[in-house]
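Given next are the chains, with one letter for each unit.
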Amino acid sequence: MKTVTIVGVGALGSHLVQFLRNLDVNLKLIDYDRIEQRNTRSQFHSKGGVGKGKVQHLAQTMQFLWGIKVGTVPHKLTSDNDDQLLSGADLIVDCLDNGEARRLVQGFVRRAHVPCLHGALAADGSFGQVIWDEDFKIDDEDVVGAATCEDGGFLPFISIASSYLALSVQEYINNGKKLGFHLHGGGAVRR
């Protein structure tokens, strides 16, 4: 069975996990962050999880709702542990919100020759991307830790972007096809 590693389970990643629940893969979630009250408006995390680790609480939710077990890594991805945390994946999905961590993921997947799908959202909810690593350029003007739609106003758009991510993962796992999309308020354009 293939392993899909999702790095970052905030706005995009938390919704992606639930959309992949019917895919026959091992899911491995990496995120060191804890759930804050403001996260519950735009992320697939409940108020009951406030203060708990995102990956652990999401794993409990997946087990409770659908009987699905997922692997969890509640550690921050760093240059000292990227090989250890990311190894063993057949596909890595980057759902991070900062350039520093994205560069670690991109460096690893290029060294290890592991397929990588990047999901990205503008903090103001104006556009998103589902893009494979060979076409992905990390924004040099990235704001580290930029909040992505924390008030929940863009929740439908976040869910749409996560759905396109899930579709791309599913097509890759099932058929080896690499689908990518550019998303904006008026719709999606396939890459």
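Only a predicted model underlies this, so the values are computations on that prediction, with no experimental measurement involved.

J.: Looking at this structure, I do not really get the pattern of salt bridges. What am I missing?
T.: Oppositely charged side chains can form a pair if their charged atoms are brought close together. What the rule picks out here adds up to 7 salt bridges. Of the charged contacts in the structure, one is a salt bridge between Asp-82 and Arg-111, with a shortest N-O distance of 3.2 Å. Within this pair, whereas Asp-82 is found in helix α3 (residues 82-86), its partner Arg-111 is found in helix α4 (residues 99-112), the two being separated by 29 residues in sequence. According to the relative accessible area criterion, Arg-111 is partly exposed, its value standing at 49%.

J.: I tried to follow the state of the cysteines on my own but got confused; where do I start?
T.: Among covalent bonds in proteins, the disulfide is the one between the sulfur atoms of two cysteines. Within the structure shown, the criterion is met by 0 disulfides. Cys-95 carries a free sulfur, and the closest cysteine sulfur to it, the one in Cys-116, is 9.4 Å from it. Overall, the relative accessible area of 2% leaves Cys-116 in the buried class.

J.: I would appreciate a short explanation of unusual backbone geometry in the present structure.
T.: Positive phi outside glycine occurs at His-113, with the angle close to 60 degrees. Along the chain, the position of His-113 falls in the loop between α4 and β5 (116-121).

J.: Before we go on, may I ask you to explain the pairing of strand β7 (residues 181-184) in this structure?
T.: Residues in a regular strand project their side chains so that they alternate between the two faces of the sheet. Side chains Phe-181 and Leu-183 of β7 all project onto a buried face; the interleaved residues His-182 and His-184 project onto a face where none is buried. In this structure, strand β6 (residues 127-132) lies alongside β7, joined through 4 bridges in antiparallel fashion. Following the sheet pairing, Val-130 is matched in β7 by Phe-181.

J.: Honestly, helix α2 (residues 54-66) in this entry has me stumped. Any pointers?
T.: Along an α-helix, residues three or four apart share an orientation, since each turn contains 3.6 residues. The end-to-end C-alpha separation of α2 is 18 Å, in line with the 18 Å expected for 13 residues at 1.5 Å each. Of all the residues in α2, the buried ones are Lys-54, Val-55, His-57, Leu-58, Ala-59, Thr-61 and Met-62. Check the buried side of α2 and you find it contacts α1 (11-19), β2 (26-30) and β3 (71-73). Looking at the residues trailing α2, positive phi occurs at Gly-67, about 70 degrees.

J.: Honestly, the packing of aromatic side chains in this entry has me stumped. Any pointers?
T.: In this description, a pair of aromatic rings is defined by centroid distance and the angle of the planes. Across all of its chains, the model carries 3 aromatic pairs by this definition. Taking the centre distance of 5.2 Å and the plane angle of 45 degrees together, the rings of Trp-132 and Tyr-172 count as tilted. With a gap of 40 residues between them, Trp-132 in strand β6 and Tyr-172 in helix α5 (residues 155-175) connect regions that are remote in the sequence. You can call Trp-132 buried: its relative accessible area is 4%. The class of Tyr-172 is buried, set by a relative accessible area of 17%.

Each value, and the rule that gives it
Residues numbered from 1 in each chain as written. Predicted model: local features only at pLDDT ≥ 70, side-chain atom pairs only at ≥ 80, totals over all residues. Heavy atoms only, no water. Salt bridge = Lys/Arg side-chain N within 4 Å of Asp/Glu carboxyl O. Helix = DSSP H or I, 4+ residues; strand = E, 2+ residues; numbered from the N terminus. Buried < 20%, exposed > 50% of the residue type's maximum accessible area, 1.4 Å probe, protein only. Disulfide = S-S within 2.5 Å. Pairing = 2+ DSSP bridges. Expected span 1.5 Å × (residues − 1). Contact = heavy atoms within 4.5 Å. Phe/Tyr/Trp six-rings, centres within 6.5 Å; stacked < 30°, edge-to-face > 60°.

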